[in-house]
Amino acid sequence: MFEARLANGNIFKMIVESIRELIVDVNIDCSTEELAIQCMDSAHVALVSMSLSQSAFDHFRCDRSLSLGLNLPNVSKIFKMMGRDDTMVLKAEDSADKLMLMFENDKSGTIADFELKLMAIEAEQLGVPDTPYKCSISMPSSEFQRIVRDLQVMGDTCKISCTKEGLKFSATGQIGTGNILMRQNVASEKEEDHVTIDMEEPVELNFALRYLNFFTKATPLSPTVIIKMSPGLPIVIEYPIEQLGHVKYYLAPKMEEDEEE
Amino acid sequence: MFEARLANGNIFKMIVESIRELIVDVNIDCSTEELAIQCMDSAHVALVSMSLSQSAFDHFRCDRSLSLGLNLPNVSKIFKMMGRDDTMVLKAEDSADKLMLMFENDKSGTIADFELKLMAIEAEQLGVPDTPYKCSISMPSSEFQRIVRDLQVMGDTCKISCTKEGLKFSATGQIGTGNILMRQNVASEKEEDHVTIDMEEPVELNFALRYLNFFTKATPLSPTVIIKMSPGLPIVIEYPIEQLGHVKYYLAPKMEEDEEE
Amino acid sequence: MFEARLANGNIFKMIVESIRELIVDVNIDCSTEELAIQCMDSAHVALVSMSLSQSAFDHFRCDRSLSLGLNLPNVSKIFKMMGRDDTMVLKAEDSADKLMLMFENDKSGTIADFELKLMAIEAEQLGVPDTPYKCSISMPSSEFQRIVRDLQVMGDTCKISCTKEGLKFSATGQIGTGNILMRQNVASEKEEDHVTIDMEEPVELNFALRYLNFFTKATPLSPTVIIKMSPGLPIVIEYPIEQLGHVKYYLAPKMEEDEEE
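Residues numbered from 1 in each chain as written. Chains lettered and ligands numbered in written order. Predicted model: local features only at pLDDT ≥ 70, side-chain atom pairs only at ≥ 80, totals over all residues. Heavy atoms only, no water.

J.: Explanation requested: the overall build of chain A in the structure shown.
T.: Looking only at helices and strands, one finds five helices and 18 strands in chain A. In terms of overall dimensions, chain A has C-alpha extents of about 55 × 45 × 35 Å along its principal axes. Each of the 261 residues in chain A was classed as buried or not, and the buried ones make up 55%. Partitioning the contacts of chain A with sequence separation of at least 6, the portion at a separation of at least 24 is 63%. Carbon and sulfur atoms provide 45% of the accessible area of chain A, an area that totals close to 12,100 Å². (Helix = DSSP H or I, 4+ residues; strand = E, 2+ residues; numbered from the N terminus. Buried < 20%, exposed > 50% of the residue type's maximum accessible area, 1.4 Å probe, protein only. Contact = heavy atoms within 4.5 Å. Areas by Shrake-Rupley, 256 points an atom, 1.4 Å probe, with all protein chains shown as cover.)

J.: Sorry, what's going on with the relation of the copies chain B and chain C here?
T.: The relation between the two chain copies is a rotation about an axis coupled with a shift along that axis. Taken as rigid bodies, chain B and chain C are interconverted by a rotation of 120° and an axial shift of 0.1 Å, the fit giving an RMSD of 0.0 Å. What the superposition gives is, in effect, a three-fold axis relating one chain to the other. Relative to the rotation axis, the closest C-alpha in chain B is found at Arg84(B), a distance of 17 Å. (Least-squares fit on C-alpha atoms with pLDDT ≥ 70 in both.)

J.: I'm lost on the domain arrangement of chain A in this one. Help?
T.: Accessible area lost during the coming together of the parts is what is often quoted as the interface size. All names here are of chain A. Considered domain by domain, chain A is made up of domain 1 (2–117) and domain 2 (135–251). Here domain 1 and domain 2 have C-alpha centroids that lie 28 Å from each other. Taken residue by residue, the interface counts 21 residues in domain 1 and 17 residues in domain 2. When the area that domain 1 buries against domain 2 is broken down by residue, the three leading residues are Ser18, Glu21 and Ser49, summing to 28%. Put simply, Lys217 and Glu21 hold a salt bridge, and the shortest N to O gap is 3.5 Å. The interface formed by domain 1 and domain 2 includes seven residue pairs in polar contact (both at pLDDT 80 or more). (Domains from an automatic or database assignment. Buried area = accessible area lost by both parts, 1.4 Å probe. Salt bridge = Lys/Arg side-chain N within 4 Å of Asp/Glu carboxyl O. Polar contact = N/O pair within 3.5 Å; in protein donor to acceptor, adjacent residues only side chain to side chain.)

J.: I keep staring at the interface of chain B and chain C and nothing clicks. Help me out?
T.: Taken residue by residue, the interface counts 16 residues in chain B and 18 residues in chain C. Summed over both sides, the interface of chain B with chain C buries roughly 1,500 Å², with 52% coming from carbon and sulfur. Of all residues in chain B, the largest losses of buried area upon contact with chain C belong to Met81(B), Thr110(B) and Ile111(B), amounting jointly to 35% of the total for that side. At the boundary of chain B and chain C, one finds zero salt bridges. Scanning the region where chain B abuts chain C turns up seven residue pairs in polar contact (both at pLDDT 80 or more). Elements supplying a minimum of two residues to the side of chain B that touches chain C: helix H2 (72–79) and strand E9 (110–117) of chain B. Considering every element that reaches the side of chain B that touches chain C, the biggest residue donor is E9(B), with eight residues. Looking at the side of chain B that touches chain C residue by residue, the classes come out as six nonpolar, four polar and six charged. (Nonpolar A, V, L, I, M, F, W, Y, C, P; charged D, E, K, R; others polar.)

J.: When you look at the nonpolar core in this model, what are you seeing that I'm missing?
T.: Nonpolar side chains tend to gather and get buried jointly when the protein is soluble and globular. Among the nonpolar cores identified, the biggest contains 247 residues, and Phe2(A), Phe2(B), Leu167(B), Phe2(C) and Leu167(C) are the most heavily contacted of them. For this core, the element with the most residues is helix H1 (residues 10–19) of chain A, which contributes six residues. (Core = buried A, V, L, I, M, F, W, Y, C linked by side-chain atoms within 4.5 Å.)

J.: Where do I start with helix H1 (residues 10–19) of chain C in this structure?
T.: An α-helix turns once every 3.6 residues. As a result, residues three or four positions apart point the same way. Of all 10 residues that make up H1(C), eight are buried, and the element is covered over most of its length. Taken residue by residue, H1(C) has Asn10(C), Ile11(C), Phe12(C), Lys13(C), Ile15(C), Val16(C), Ser18(C) and Ile19(C) as its buried positions.

J.: Could you clarify how one ought to interpret the interface of chain A and chain B in this entry?
T.: In this assembly, 16 residues from chain A lie in contact with 18 residues from chain B. Carbon and sulfur atoms supply 52% of the area that chain A and chain B bury against each other, a total of about 1,500 Å² over both sides. Put simply, chain A and chain B have zero salt bridges between them. Breaking the side of chain A that touches chain B down by element, the ones donating at least two residues are helix H2 (72–79) and strand E9 (110–117) of chain A. The biggest single contributor to the side of chain A that touches chain B is E9(A), with eight residues. Partitioning the side of chain A that touches chain B into residue classes produces six nonpolar, four polar and six charged. Summarising the sheet, E9(A) and strand E13 (residues 176–182) of chain B pair through seven bridges and their orientation is antiparallel. For Glu115(A), the partnering residue across the bridge sits in E13(B) and is Thr177(B). (Pairing = 2+ DSSP bridges.)

J.: Sorry, what's going on with the pairing of strand E10 (residues 135–140) of chain A here?
T.: If a strand is regular, its side chains alternate between the two faces of the sheet. Residues and elements named next belong to chain A. Where E10 and strand E14 (residues 196–199) come together, four bridges link them in antiparallel fashion. Looking across to E14, one finds that Ser136 is bridged to Asp198. In this sheet, strand E16 (residues 224–229) lies alongside E10 in antiparallel orientation, the contact comprising six bridges. The residue of E16 that forms the bridge with Pro140 is Thr224.

J.: What exactly am I supposed to notice about helix H3 (residues 141–151) of chain C here?
T.: Burial analysis of H3(C) places eight of its 11 residues in the buried class, which makes it a mostly covered element. Three or more residues of H3(C) are buried, namely Ser141(C), Glu143(C), Phe144(C), Arg146(C), Ile147(C), Val148(C), Asp150(C) and Leu151(C).

J.: Help me out: how do you make sense of the sheet that holds E9(A) in this one?
T.: Hydrogen bonds between backbone groups are what pair the strands of a sheet, and the pairing can be parallel or antiparallel. Sheet architecture is open: nine strands sit in the order E5(A)-E1(A)-E7(A)-E8(A)-E9(A)-E13(B)-E12(B)-E11(B)-E15(B), paired in antiparallel fashion. Of all strands in the sheet, those bounded by a partner on one side alone are strand E5 (59–62) of chain A together with strand E15 (203–208) of chain B. Within the sheet, the average angular offset between the axes of one strand and its neighbour, ignoring direction, is 15°. Relative to E9(A), strand E8 (residues 98–105) of chain A runs antiparallel, the two sharing eight bridges. Across the sheet, residue Met100(A) finds its bridge partner in E9(A), namely Glu115(A). (Axes fitted to C-alpha atoms, helices over the stretch in contact; angles between N-to-C directions.)

Below you can see the structure in the form of structure tokens.
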């Protein structure tokens with residue numbers, strides 16, 4: 001039997017929202033340790049990795065590891081019905097073909113429960129690289145969202161370069177060229193406004209703006225985003241969920257010669 | 001001659017908004033007592049009943065009962081021009097083919113006046129049942145709105161059941177099943193957050209969610225909605241307008257066997 | 001060389017927004033005195049005139065008069081990337097085919113720079129009439145915006161009449177007739193809520209509501225709009241930019257007989 005109760009159910013809603021434009025059907029892997037997702041996006045371009053520790057839950061019981069095969073558009077529709085302050089409960093029998101979701105609101109005395117059909121989804125075995133990176137940048141997630149949204153006006157590809165000067169996002173297209181530079185900034189009072197750049201050597205890579213934009217759907221999960229780059233390796237865009245988990249996206253760089261137009 | 005002046009003209013605007021998706025052409029019946037509407041919706045499925053007492057008005061004069069035949073989409077367009085704090089004046093001669101509407105704003109010194117062509121609309125004589133009901137529920141109108149909006153995701157039909165447990169809204173469809181339970185709740189400080197259930201015997205009826213949703217356009221008129229049900233009878237969804245009137249909707253239950261799919 | 005730095009870059013953004021639905025390609029004329037635009041709208045119906053004095057800028061250097069030929073939809077896209085509190089810098093070489101735009105935000109440490117291709121646009125020589133007008137009205141720009149937006153529901157043409165009674169906007173169509181009267185109003189505490197009417201003789205003219213609506217895109221630039229009319233002459237709709245400039249629109253009146261339907 002699996003049963004998990006999350007006082008701030010909204011966290012789970014935000015996790016669903018952060019991946020539902022990338023993935024249609026997904027396995028949530030439940031173990032005694034955590035809920036976890038690891039899968040490629042529908043177009044097999046990006047990799048999504050999610051973990052939410054059992055310690056994030058008020059109550060967590062998982063007798064046997066199991067995979068909940070879910071259709072995310074349907075899950076997302078059900079989470080639209082979750083109120084801002086609702087508690088969420090997930091329940092499934094060990095060999096069940098149904099997931100029970102409950103949203104409770106003590107204040108209004110409302111209880112909503114849903115029975116969602118589970119699906120058998122073939123699991124992919126994916127190795128996520130865990131190498132040290134040459135550059136690691138921490139910056140406000142809202143700024144990152146704004147930059148990759150805005151740069152879409154200039155072109156389809158974003159060059160991200162990390163140098164001593166700072167972290168630079170560039171795009172070129174018919175209109176002209178645009179560059180946005182974030183400098184290291186640890187001066188402001190709020191820690192979440194800080195920009196910290198930890199660079200071993202400069203790195204410059206190109207990425208599809210379309211995908212960077214998909215990733216920023218995770219912005220509500222965390223005030224801070226962590227960006228990691230090494231030459232020739234996929235970029236990591238990580239949104240920490242308090243100290244309880246994360247949503248991470250991996251995206252391979254574009255080769256400048258053949259992919260740019 | 002008919003002349004009526006409403007300091008809070010916005011009430012009338014909200015009444016128009018509450019019915020304009022259900023009805024195209026409508027007679028507003030003016031008497032010495034009240035302004036009233038009673039008519040079936042365009043598809044002849046639901047019945048709408050509105051009353052606004054003469055005591056709601058700062059000035060009210062109606063020499064002879066008369067019916068103002070109005071095209072609601074046009075009326076709605078004109079009310080879009082009403083400011084938040086405008087006073088409204090309605091005027092018509094006894095045998096006139098025109099309605100005069102005036103919106104006055106003392107603060108900005110603006111006066112807007114409109115001349116609207118009246119139509120001859122055949123009046124339906126409708127008897128509204130006034131029987132005692134087995135269940136009568138009072139709940140926050142915004143919660144009712146949220147529930148019937150949200151449940152549309154699950155299916156087209158909503159089962160409403162009133163039992164000792166509370167008032168339950170259920171819908172089933174391709175995704176699965178959803179139930180939302182409102183329990184009696186008189187604990188919160190604000191009276192408008194209360195849920196009170198007055199039940200003589202349990203009732204369970206099915207309704208088209210599409211119509212329940214139309215009815216919730218009246219939500220801005222009242223913090224509270226009153227729901228009345230008896231086996232086999234149309235449900236009543238009532239939005240009281242302070243102590244000065246109401247908008248009520250009547251909808252016949254669906255027969256479970258032939259209408260569900 | 002041309003270089004101009006505007007601490008409140010948002011003013012320039014609002015100027016671009018105020019004209020971009022009327023004009024596609026435009027010359028910004030830079031002199032030692034000001035930045036200026038003077039051109040007909042794309043349909044050659046209305047005339048747009050903009051001036052922003054060099055004293056509006058923190059730094060202003062213009063060695064030689066030059067015209068920057070810009071495609072406004074592109075400029076507008078770039079200004080979408082400007083943050084609320086950004087400083088703007090414009091830079092161009094004397095015979096350059098590129099304009100450099102920079103948006104700086106000291107708080108977040110962000111610098112965005114854009115290189116925009118310049119175009120050769122044939123300059124029109126336009127004489128703007130500078131005659132005294134029979135009526136001059138000053139009113140809140142937001143009220144003017146609301147009135148011309150709302151009246152579109154009634155018809156395509158707006159009759160504007162200035163009399164002793166006040167300034168009246170009227171439109172007639174299938175629904176009926178609507179009149180909105182603004183009376184002189186100097187009572188309210190805030191000066192920007194005042195309506196002042198300076199009338200030598202009554203004037204009544206008809207205008208295309210579509211165009212009046214385009215003009216109200218300048219509303220964010222100024223709390224007050226100044227309207228000037230004389231019989232048979234184009235109306236002037238002026239939005240002062242603090243004491244540093246203006247955006248003005250000129251529109252010829254419609255002849256009542258042949259243009260109304």
